[in-house]
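# Observations on the model geometry
What follows is each chain in one-letter form.
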Amino acid sequence: MEYQGKGYATEALNRLIEFCFSLEGVHKIFGECDKENIASQRIMEKCGMKFEREVEEGDGVVSIQFSIEK
């Protein structure tokens, strides 16, 4: 809990996106989280990722997919 809200996850995701786009052939990156995980959704949005779609899993869990293009 002491690390929540300090921007570490946002910074890590930004660096991961930079790294992935530095690789040859990577043009789009996808991310997914539980629909109820608002904090993870915000992190992806802060990093420039856009909502793609909702996916309902077989067990009734709904996930949200985001993506970002180079």
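Note that the structure is a prediction, hence the values are computed from the model and not measured. (Residues numbered from 1 in each chain as written. Predicted model: local features only at pLDDT ≥ 70, side-chain atom pairs only at ≥ 80, totals over all residues. Heavy atoms only, no water.)

### As for the nonpolar core
Among the nonpolar cores identified, the biggest contains twelve residues, and these are Leu13, Ile17, Cys20, Phe21, Ile29, Cys33, Met44, Cys47, Met49, Ile64, Phe66 and Ile68. In terms of residue count, helix 1 (residues 8-22) provides more of this core than any other element does, four residues in total. (Core = buried A, V, L, I, M, F, W, Y, C linked by side-chain atoms within 4.5 Å. Buried < 20%, exposed > 50% of the residue type's maximum accessible area, 1.4 Å probe, protein only. Helix = DSSP H or I, 4+ residues; strand = E, 2+ residues; numbered from the N terminus.)

### Section: a nonpolar patch on the surface
Together, Leu16, Phe19 and Leu23 make up a nonpolar patch on the protein surface, roughly 290 Å² of accessible area in all. Inspection of the secondary structure assignment puts Leu16 in helix 1. (Patch = residues over 30% accessible without salt bridge, like charges linked within 9 Å, V, L, I, M, F, W, Y side chains within 5 Å. Areas by Shrake-Rupley, 256 points an atom, 1.4 Å probe, with all protein chains shown as cover. Salt bridge = Lys/Arg side-chain N within 4 Å of Asp/Glu carboxyl O.)

### Some thoughts on the sheet that holds strand 3 (residues 62-69)
Reading across the sheet, the three strands line up as 1-3-2 and stay open at both edges, with antiparallel pairing between neighbours. Edge positions in the sheet fall to strand 1 (28-34) and strand 2 (50-56), since each of these pairs with one other strand and no more. Strand-to-strand, the axes of this sheet are offset by a mean angle of 25°, without reference to chain direction. The sheet contact formed by strand 2 and strand 3 spans six bridges and is antiparallel. Each bridged residue has a counterpart across the sheet, and for Arg53 the counterpart in strand 3 is Gln65. Together, strand 1 and strand 3 form the strand contacts of helix 1, whose direction differs from that of strand 1 by roughly 145°. (Pairing = 2+ DSSP bridges. Axes fitted to C-alpha atoms, helices over the stretch in contact; angles between N-to-C directions. Contact = heavy atoms within 4.5 Å.)

### Some points on helix 1
The end-to-end C-alpha distance of helix 1, which contains 15 residues, comes to 21 Å, matching closely the 21 Å that a straight helix rising 1.5 Å per residue would cover. For helix 1, the full list of buried residues reads Thr10, Leu13, Ile17, Cys20 and Phe21. Around the axis of helix 1, the buried residues are gathered within 95° of arc, so they sit on the same side. Every exposed residue of helix 1 that faces more than 90 degrees away from the buried side is listed here: Phe19 and Ser22. (Expected span 1.5 Å × (residues − 1). Arc of directions from axis to C-beta.)

### Details of the packing of helix 1 against helix 2 (residues 38-46)
Where helix 1 contacts helix 2, the two axes come as close as 9 Å, and the packing angle between them is 45°. One finds that helix 1 runs oblique with respect to helix 2. Crossing angle aside, the handedness with which helix 1 passes helix 2 is right-handed. Two secondary-structure elements touch here, helix 1 through Ala9, Thr10 and Leu13 and helix 2 through Ile43, Met44 and Lys46. Residue classes in the contact of helix 1 with helix 2 are distributed as four nonpolar, one polar and one charged. (Parallel < 35°, antiparallel > 145°, perpendicular 65-115°, else oblique. Left-handed = near helix turned anticlockwise from the far one by under 90°. Nonpolar A, V, L, I, M, F, W, Y, C, P; charged D, E, K, R; others polar.)

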